[in-house]
Amino acid sequence: MKHPFIMPFVYLASQSPRRRQLLEQLGIAHELLLPAADEDAESLEVVLPREAPLAYVQRVTQLKLDAALQRLAKRGLPKAPVLCSDTTVALGRVILGKPADHADAAHMLTQLSGKTHRVLTAVAVGTHAQRLQTVSASRVTFAPMSHAQIQAYVATGEPMGKAGAYAVQGRAAAHIAQLSGSYTGIMGLPLFETAQLLRQLGFNC
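Basis of the calculations
- Residues numbered from 1 in each chain as written.
- Predicted model: local features only at pLDDT ≥ 70, side-chain atom pairs only at ≥ 80, totals over all residues.
- Heavy atoms only, no water.
- Helix = DSSP H or I, 4+ residues; strand = E, 2+ residues; numbered from the N terminus.
- Rg over C-alpha atoms; globule rule 2.2 N^0.38 Å.
- Buried < 20%, exposed > 50% of the residue type's maximum accessible area, 1.4 Å probe, protein only.
- Contact = heavy atoms within 4.5 Å.
- Areas by Shrake-Rupley, 256 points an atom, 1.4 Å probe, with all protein chains shown as cover.
- Lys, Arg positive; Asp, Glu negative; His and termini not counted.
- Charge placed at Lys NZ, Arg CZ, Asp CG, Glu CD.
- 1 Å grid on protein atoms, 1.4 Å probe; cavity = no way out; pocket = protein on both sides within 12 Å on 5 of 7 lines; lining within 4 Å.
- Points joined across faces, edges and corners; volume = space filled by probe spheres on them.
- Nonpolar A, V, L, I, M, F, W, Y, C, P; charged D, E, K, R; others polar.
- Pairing = 2+ DSSP bridges.
- Core = buried A, V, L, I, M, F, W, Y, C linked by side-chain atoms within 4.5 Å.
- Salt bridge = Lys/Arg side-chain N within 4 Å of Asp/Glu carboxyl O.

Considering the overall build of the protein chain
Next up, step 1: When its secondary structure is counted, the protein chain shows six helices and seven strands.
Next up, step 2: Reading the protein chain from its N terminus to its C terminus gives the helix and strand order β-α-β-α-β-β-α-β-β-α-β-α-α.
Next up, step 3: Relative to its length of 205 residues, the protein chain is compact, with a C-alpha radius of gyration of 17 Å against a globular reference of 17 Å.
Next up, step 4: Dimensions along the principal axes, computed over C-alpha positions, put the protein chain at roughly 55 × 35 × 30 Å.
Next up, step 5: Relative to its 205 residues, the protein chain shows a buried fraction of 48%.
Next up, step 6: If you take every contact in the protein chain between residues at least 6 apart in sequence, the share linking residues at least 24 apart comes to 68%.
Next up, step 7: About 10,000 Å² of surface is accessible on the protein chain, with carbon and sulfur atoms providing 54% of the total.
Next up, step 8: Side chains of the protein chain give 20 positive and 14 negative charges; the mean places of these two sets differ by 6 Å.

What about the layout of surface pockets?
Next up, step 1: Estimates place the volume of the largest pocket at around 1,000 Å³.
Next up, step 2: Along the walls of the largest pocket sit 44 residues, with Arg19, Glu45, Lys64, Asp86 and Lys98 positioned nearest its centre.
Next up, step 3: Mapped by element, the contributors of at least two residues to the lining of the largest pocket are helix H1 (17-26), helix H2 (53-75), strand S3 (82-91), strand S4 (94-96) and helix H5 (183-187).
Next up, step 4: At seven residues, H2 tops the list of elements feeding residues into the lining of the largest pocket.
Next up, step 5: Per-class residue counts for the lining of the largest pocket are 19 nonpolar, 11 polar and 14 charged.

Structural notes on the pairing of S3
Next up, step 1: When you tally the buried positions in S3, you get 10 out of 10 residues, the bulk of the element.
Next up, step 2: Neither face of S3 is exposed, since Val82, Cys84, Asp86, Thr88 and Ala90 on one face and Leu83, Ser85, Thr87, Val89 and Leu91 on the opposite face are all buried.
Next up, step 3: With two bridges joining them, strand S1 (residues 10-12) and S3 adopt parallel strand pairing. From the neighbouring strand, Tyr11 faces S3, where its bridge partner is Val82.

Brief notes about the nonpolar core
Next up, step 1: Judged by nonpolar contacts, the single largest core of 39 residues is most densely connected at Leu83 and Tyr166.
Next up, step 2: What Leu83 contacts, discounting residues up to four positions off in sequence, is Tyr11, Leu12, Ala13, Leu23, Val123, Ala124, Val125, Leu189, Thr194 and Leu198.
Next up, step 3: If you look at the next biggest cluster of nonpolar residues, it comprises 12 residues, including Ala13, Leu65, Leu69 and Leu72.

Points about the environment of Met160
Next up, step 1: Looking at the secondary structure, you find Met160 in the loop between helix H4 (147-155) and strand S7 (176-180).
Next up, step 2: Here the alpha-carbon distance between Met160 and Gln111, two residues 49 residues apart in the chain, equals 16 Å.
Next up, step 3: In this structure, Met160 is in contact with Pro99, Ala100, Asp101, His102 and Ala105, ignoring residues within four places of it in sequence.

Some thoughts on the pattern of salt bridges
Next up, step 1: Inspection of every chain in the model, using the stated rule, returns seven salt bridges.
Next up, step 2: A salt bridge links Lys64 to Glu45; its shortest N-O distance comes to 3.4 Å. Of this pair, Lys64 sits in helix H2 while Glu45 sits in the loop between strand S2 (30-32) and H2, and the two are 19 residues apart along the sequence.
Next up, step 3: Looking at Glu45, the relative accessible area reads 18%, which means it is buried.
Next up, step 4: Residue Arg59 is joined to Glu51 by a salt bridge in which the shortest nitrogen-to-oxygen separation is 2.7 Å.
Next up, step 5: Residue Arg59 is classed as partly exposed on the basis of its relative accessible area of 23%.

This is the structure:
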């Protein structure tokens, strides 16, 4: 059943062009709801001591939704659901976030080389009256990578701004031996789970 107060679009509170493309793939109209210059969005992603990867990705996504809903109210924009997402790469209990620089990216890729890791992507959709959240869990196995291969990949600049220092849809695919779970979840927005949430809010997808 469609909710009469919901407009036929969502606000996407993400600067990721990949998430925009994935929403477009679902046929969901959206408007960006990005942080203002005075908002410290990066501070939301700080890992708490001894925090498990699943707890981390769920908590950060809820914090992003809190901030986005406040942003929506403050700006006096038309009412519509807000969609937020966060992707975390976990090697065991170790959370690999976005690399600080090229050296950090190379270090992360060295850790991932020849091993299987988890990719957890949480999605939250909400209004001031209702919140829905889900998590997609996938596994990715990297083939062993030589020092030269890692340095060549880092030199492309692709690892920067990516959790775990790689993009599954980019050149890193040449080193991924196996994956299971949600390919779009590894990209940053699991389409099956996202569609399920949006249907609960009355969207046709």
